[in-house]
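A structural walkthrough
For reference, the chains in residue letters:
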Amino acid sequence: MDRKMNMVDLKGQYERIKPEIDAGIQSVIDSSAFINGKPVQEFRKNLGTYLGGTHVTACGNGTDALQIALMALGLKPGDEVIVPAFTYVASAEVIALLGLVPVMVDVNPRSFNVEADEILNALTHKTKAIIPVHLFGQSCDMEPIMDLARDHGLYVIEDNAQSLGADCIFRDGSRKKAGTVGTIGCTSFFPSKNLGCYGDGGAIFCSDEALSEKISMTANHGQKIKYHHAVIGCNSRLDTIQAAVLNVKLKHLDEYSGARRRAARYYTEKFLQADPDGRFFETPAEMPFSTHVYHQYTLKIKGGRRDGLKDRLEKRGIPSMIYYPLPLQAQEAFKGIARAAGPLVCAQECADSVLSLPMHTELTADIQDYIIGNVLEFFGMSS
Ligand SMILES: *Cc1c(COP(=O)(O)O)cnc(C)c1O
């Protein structure tokens, strides 16, 4: 292996688009419009178009995006918001931060995502909103979730930090971009996300014009006219330099998703050849209600051997990550703050068995062969 192996390869990706990126950044410096410059407005428009026509508010990061969404909906302290127990902390943290009650529900152990049945069981008269998280690159099954939300008058805020570019597929075969199905969609441009910038960034999608205006005001100190503050807001902006980077990278997003998908299929094909009955591990499931953009390639390791495999890979110079080692119900911070809807068995089982392998746009067959060979060798198989 000539290149040091990484979970993501941002350097290799940059090298292929260097002239465009460098020119974009330089032109921001030349203009001195570091805040709210033209590239920010262009990016809002470009992303809205990419998503099939929706209003986009740019903001500082994905966590802010979720917080601003909850603020703009006017939820009140004590209101309950349903969130999956197996997710990144940000999805639930912002709920608690605003004095709302996170209600943790279990996930489907194959898709890692929440489903309508679990949400239905968690409803009370205080439930006001649902935050489905499209984990690891795949959309939740949104059609039954939207039906349930309509029946019970609930807002739906999609946490699409990991699945930008995925299609949500409906029963009649029609499609919508993940993040544009619910009341509001949120995403992150953290460098390692599928559409990553070179620092922090985030965005909020909303097809309702009035609500979108409220979202933009909330992200900008509650003002529409400068120094006239209509609501209590916050200060969350996407820097112009980040917008310039994103305008270049957005053009490549579908190609990047394709590269991730190809790499994932290569892993899965080789793993299934060696372990067709899934005796040692489960490969990621591609669900019928979503395309998969493989933010992560996540195996579930059987027989309590996950940590042993991780150590072995590390010794061979192969990084791997546990997303996430603790489900929300086991996190200290949520004790006495969040409510668990049921025993959350699958969330715990996922936390105990998941292992994510290197996944990025620059993977080559020889890098993957080396990774695959070492995984199989650990289980006493050969590729
Ligand atoms: C990354 C991520 C966020 C937060 O994004 P930041 O830009 O890091 O604030 C929220 N939810 C999920 C599921 C994420 O993966």
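Read on for an overview of the structure. (Residues numbered from 1 in each chain as written. Predicted model: local features only at pLDDT ≥ 70, side-chain atom pairs only at ≥ 80, totals over all residues. Heavy atoms only, no water.)

1. Regarding the state of the cysteines
- For the structure shown, the criterion picks out zero disulfides.
- Its sulfur unpaired, C197 is 11 Å from the next cysteine sulfur, which belongs to C59.
- Judged by relative accessible area, C197 falls into the buried class, the value being 1%. (Disulfide = S-S within 2.5 Å. Buried < 20%, exposed > 50% of the residue type's maximum accessible area, 1.4 Å probe, protein only.)

2. Observations regarding the sheet that holds strand β9 (residues 202-206)
- Here we have eight strands laid out as an open sheet, ordered β1-β9-β8-β5-β4-β2-β3-β14, and mixed in their pairing. Lying at the two open borders of the sheet, with one neighbouring strand each, are β1 (55-59) and β14 (339-340).
- Of the strand pairs in this sheet, β1 and β9 are connected by five bridges, and their pairing is antiparallel. Among the inter-strand pairings, H55 is bridged to a residue of β9, identified as C206. (Pairing = 2+ DSSP bridges. Helix = DSSP H or I, 4+ residues; strand = E, 2+ residues; numbered from the N terminus.)

3. Some thoughts on the site of the ligand
- Taken together, N61, G62, T63, Y88, A90, S91, V133, D159, A161, Q162, S188 and K193 are the residues near the ligand.
- Across the complex, the protein chains shield 93% of the 380 Å² of accessible surface that the ligand would expose by itself.
- For the shell around the ligand, the secondary-structure elements that each account for two or more residues are α3 (62-72) and α4 (90-97).
- Split by residue class, the shell around the ligand holds four nonpolar, six polar and two charged. (Near = heavy atom within 4 Å. Areas by Shrake-Rupley, 256 points an atom, 1.4 Å probe, with all protein chains shown as cover. Nonpolar A, V, L, I, M, F, W, Y, C, P; charged D, E, K, R; others polar.)

4. Side note on the packing of helix α10 (residues 306-315) against helix α12 (residues 365-378)
- Direction vectors running N to C along α10 and α12 enclose 135°, while the axes themselves pass 10 Å from each other. If you check the angle between α10 and α12, you find them oblique. Considering the relative orientation of α10 and α12, their crossing is right-handed. Here α10 contributes G308, L309, R312 and L313 to the contact with α12, which in turn contributes N374, V375, E377 and F378.
- When the residues that make up the contact of α10 with α12 are grouped by side-chain class, the tally is four nonpolar, two polar and two charged. (Axes fitted to C-alpha atoms, helices over the stretch in contact; angles between N-to-C directions. Parallel < 35°, antiparallel > 145°, perpendicular 65-115°, else oblique. Left-handed = near helix turned anticlockwise from the far one by under 90°. Contact = heavy atoms within 4.5 Å.)

5. With respect to the environment of A149
- Here A149 is to be found in helix α6 (residues 142-152).
- Considered as a pair, A149 and K128 are 21 residues apart in the sequence and their alpha carbons are 9.4 Å apart.
- With residues near it in sequence (within four places) discarded, A149 still touches I130, L154 and V156.

6. Quick notes on the pattern of salt bridges
- Tallying each qualifying case throughout the model produces 18 salt bridges.
- Here D141 makes a salt bridge to R171, at a shortest N to O gap of 2.8 Å. Of the two residues, D141 is situated in the loop between β4 (127-130) and α6 and R171 in the loop between β6 (167-169) and β7 (175-177); the sequence distance between them amounts to 30 residues.
- Note that R265 and E286 form a salt bridge whose closest N and O atoms lie 3.0 Å from each other. Pair noted here: R265 is in helix α9 (residues 253-274) and E286 is in the loop between β12 (281-282) and β13 (297-301), with a separation of 21 residues, a long-range link.
- Classification of E286 as partly exposed rests on a relative accessible area of 41%.
- Counted as one network, the salt bridges with shared partners bring together R16, E255 and E362. (Salt bridge = Lys/Arg side-chain N within 4 Å of Asp/Glu carboxyl O.)

7. A closer look at the packing of aromatic side chains
- Taken as a whole, this structure holds 16 aromatic pairs when the rule is applied.
- Aromatic side chains F112 and F136 sit 5.0 Å apart centroid to centroid with 70° between the ring planes, which places their arrangement in the edge-to-face category. In this pair, F112 sits in the loop between β3 (101-105) and α5 (116-122) while F136 sits in the loop between β4 and α6, placing the two residues 24 residues apart along the sequence.
- By relative accessible area, F112 is classed as buried at 6%.
- We classify F136 as buried; its relative accessible area is 3%.
- Members of the aromatic cluster, connected to one another through ring pairs, are Y267, F271, F280, F281, Y294, Y297, F378 and F379. (Phe/Tyr/Trp six-rings, centres within 6.5 Å; stacked < 30°, edge-to-face > 60°.)

8. What about the pairing of β4?
- Bridge count for strand β2 (residues 80-84) against β4 is three bridges, and the pairing is parallel. Within β4, the position partnered with I82 by the bridge is I130.
- Two strands pair when backbone bridges link them, and β4 and strand β5 (residues 155-159) are joined in this way by two bridges, in the parallel orientation. Along β5, the bridge assignment pairs A129 with Y155.

9. What about the environment of Q13?
- Relative to the helices and strands, Q13 is located in helix α1 (residues 10-31).
- Taking the relative accessible area as the measure of exposure, Q13 reaches 6% and is therefore buried.
- C-alpha of Q13 to C-alpha of D147: the two residues are 134 residues apart in sequence and 40 Å apart in space.
- Setting aside chain neighbours within four positions, we find Q13 in contact with K249, Y256, T361 and E362.

None of this, on its own, says anything about what the molecule does.
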